[in-house]
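Below, each chain spelled out in residue letters.
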Protein chains: 2
Amino acid sequence: MDRHEYYMREALKEAKLAGEKGEVPVGAVVVLQDEIIGRGHNQREIGDDPTAHAEIVAIREAGKKLQSWRLTGAVLYVTLEPCPMCAGAMLQSRVERVVYGLDDPKAGSAGSLINILQFPGFNHSVKIIGGILAEESQKLLKDFFKINVRKNKFI
Amino acid sequence: MDRHEYYMREALKEAKLAGEKGEVPVGAVVVLQDEIIGRGHNQREIGDDPTAHAEIVAIREAGKKLQSWRLTGAVLYVTLEPCPMCAGAMLQSRVERVVYGLDDPKAGSAGSLINILQFPGFNHSVKIIGGILAEESQKLLKDFFKINVRKNKFI
């Protein structure tokens, strides 16, 4: 299997865990030298934590594992295009690349609405690959919102 | 004392705590209905956590306190203009306003380099006041870097 698809399937496993808990199903893994050093799924509702997106959870775990805030050379896989906060966290953590699944036209900050990851002037920039297993990510989100949208919790 | 100055002095106290621990001295408080509901100072080095900026720490504490990820109506005071990650976290947490101290021409995302807080298209925007007790904030940072810059830890 293609390397990007392999790790994106791990991120999709995390997304499913979020969905099972009633959280918007987005998942992420951080990979360094062919090893997963951080995993995360969205847990904003359970944690009463607006910062607990999949990417932030995975980045924090990776920092603990490396005992460093610098995740130099790491690749972050995430099932949905990152929001501005998560794109900013990728700049802060110095990850080398993000590989994401589905484009997010509403808040995507890897190029759909704005490209924060490669905005001129910041002291770091992050390489981008999008569209990996996008359909699987979209299906998870669509199925989730079909069930949950009436609760109006996610706006 | 002016309300903004009062709360900014609380944020400056947090910044000093960071400096005493060898962290870049930036501090923040979250205020709702004249009560401080979250406090934070930068702890990126100690926590091996690239997301542990003052604002993120304060926002997470406020969410726990309110038992909600939505900090609707809250004002976030921070001694330095927010970076992209922290500006994004303010959008995510739905804070009403940020009041900051010193402009950051290198990474400021409340207008100096980019204005993420009021970028067209996102589902929320954050009001901005800058320049409150900026000199105090600048002095803390300058004094800190005078001592610590040779360690080259902060690049």
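To start, this report covers the structure provided alongside it.

## Describing the overall build of chain A
Consideration 1: Within chain A, the secondary structure is distributed over four helices and five strands.
Consideration 2: The helix and strand sequence of chain A, counted from the amino end, reads α-β-β-α-β-α-β-β-α.
Consideration 3: For chain A, the C-alpha radius of gyration of 14 Å lies close to 15 Å, the compact-globule estimate for 155 residues.
Consideration 4: Judged by the C-alpha coordinates and their principal axes, chain A covers about 40 × 35 × 30 Å.
Consideration 5: Relative to its 155 residues, chain A shows a buried fraction of 56%.
Consideration 6: Restricting to contacts in chain A with at least 6 residues of sequence separation, those with at least 24 account for 59%.
Consideration 7: Looking at chain A as shown, the accessible area adds up to about 6,900 Å², and 50% of this sits on carbon and sulfur atoms.

## Remarks on the interface of chain B and chain A
Consideration 1: Residue-level contacts link 40 residues of chain B with 40 residues of chain A.
Consideration 2: Taking both partners together, chain B and chain A bury about 3,100 Å²; carbon and sulfur atoms supply 61% of that area.
Consideration 3: At the junction of chain B and chain A, the tally comes to two salt bridges.
Consideration 4: For Asp49 of chain B, the salt bridge identified is with Arg60 of chain A, shortest N-O distance 2.8 Å.

## Some points on helix α3 (residues 84-93) of chain A
Every α-helical turn comprises 3.6 residues, leaving residues that sit three or four positions apart pointing alike.
Residue and element names in this part refer to chain A.
Consideration 1: The buried fraction of α3 amounts to 10 of the 10 residues, a majority that puts the element mostly inside the structure.
Consideration 2: Listing the buried residues of α3 in full gives Pro84, Met85, Cys86, Ala87, Gly88, Ala89, Met90, Leu91, Gln92 and Ser93.
Consideration 3: The positive-phi residue at the C-terminal boundary of α3 is Arg94, with phi of around 65°.

## Regarding the environment of Ile116 of chain A
Consideration 1: Mapped onto the elements of the fold, Ile116 of chain A is located in the loop between β4 (97-102) and β5 (127-129).
Consideration 2: Ile116 of chain A sits 31 residues away from Met85 of chain A along the chain, and the two C-alpha atoms are 9.5 Å apart.
Consideration 3: What Ile116 of chain A contacts, discounting residues up to four positions off in sequence, is Pro84, Ala87, Gly88, Leu91, Ser109 and Phe122 of chain A together with Pro84 and Ile116 of chain B.

## Regarding the sheet that holds strand β1 (residues 27-32) of chain A
Residue and element names in this part refer to chain A.
Consideration 1: Taken together, five strands build an open sheet; the order of strands is β2-β1-β3-β4-β5 and the sheet is mixed. Where the open sheet ends on each side, the last strands, each with one partner, are β2 (35-41) and β5. Along the sheet, successive strands turn relative to each other by an average axial angle of 20°, direction set aside.
Consideration 2: One ladder, built from three bridges, connects β4 with β5; its direction is parallel. Bridging from a neighbouring strand, Val99 pairs with Ile129 of β5.
Consideration 3: Seen against the sheet, helix α2 (residues 54-66) touches β1, β2 and β3 (75-80) and runs at an angle of roughly 140° to β2.

## Some thoughts on the relation of the copies chain B and chain A
The pair of chain copies shares a relation made of a rotation about an axis and a shift along it.
Consideration 1: Structural alignment of chain B on chain A gives an RMSD of 0.0 Å, achieved by rotating through 180° and translating 0.0 Å along the axis. In symmetry terms, the pair is related by a two-fold rotation axis. Closest approach to the rotation axis among the C-alpha atoms of chain B is made by Met85 of chain B, whose C-alpha sits 2.1 Å away.
Consideration 2: Interface overlap between copies is the fraction of interface residues in one copy that are interface residues in the other; for chain B against chain A it reaches 100%, indicating a shared surface.

## With respect to the packing of helix α1 (residues 3-20) of chain A against helix α4 (residues 134-148) of chain A
Each pair of packed helices gets described by two things: the angle between the helix axes and the distance between those axes.
Residues and elements named next belong to chain A.
Consideration 1: Between α1 and α4, the least distance of the axes is 10 Å, while the angle of their chain directions is 5°. Here α1 is positioned roughly parallel relative to α4, judged by the angle of their axes. Between α1 and α4, the residues in contact are Arg9, Leu12, Ala15, Lys16 and Gly19 and Glu136, Ser137, Leu140 and Phe144, respectively.
Consideration 2: Split by residue class, the contact of α1 with α4 holds four nonpolar, two polar and three charged.

## Some details on unusual backbone geometry
Residues and elements named next belong to chain A.
Consideration 1: Notably, Gln33 is not glycine yet its phi reads approximately 50°, a positive angle.
Consideration 2: Among the secondary structure elements, Gln33 is positioned in the loop between β1 and β2.
Consideration 3: Residue class for Gln33 comes out exposed when judged on its relative accessible area of 75%.
Consideration 4: Of note, Asp34 is a non-glycine position whose phi angle comes to about 60°, a positive value.
Consideration 5: With respect to the helices and strands, Asp34 occurs in the loop between β1 and β2.

Conventions and cut-offs
- Residues numbered from 1 in each chain as written.
- Chains lettered and ligands numbered in written order.
- Predicted model: local features only at pLDDT ≥ 70, side-chain atom pairs only at ≥ 80, totals over all residues.
- Heavy atoms only, no water.
- Helix = DSSP H or I, 4+ residues; strand = E, 2+ residues; numbered from the N terminus.
- Rg over C-alpha atoms; globule rule 2.2 N^0.38 Å.
- Buried < 20%, exposed > 50% of the residue type's maximum accessible area, 1.4 Å probe, protein only.
- Contact = heavy atoms within 4.5 Å.
- Areas by Shrake-Rupley, 256 points an atom, 1.4 Å probe, with all protein chains shown as cover.
- Buried area = accessible area lost by both parts, 1.4 Å probe.
- Salt bridge = Lys/Arg side-chain N within 4 Å of Asp/Glu carboxyl O.
- Pairing = 2+ DSSP bridges.
- Axes fitted to C-alpha atoms, helices over the stretch in contact; angles between N-to-C directions.
- Least-squares fit on C-alpha atoms with pLDDT ≥ 70 in both.
- Parallel < 35°, antiparallel > 145°, perpendicular 65-115°, else oblique.
- Nonpolar A, V, L, I, M, F, W, Y, C, P; charged D, E, K, R; others polar.

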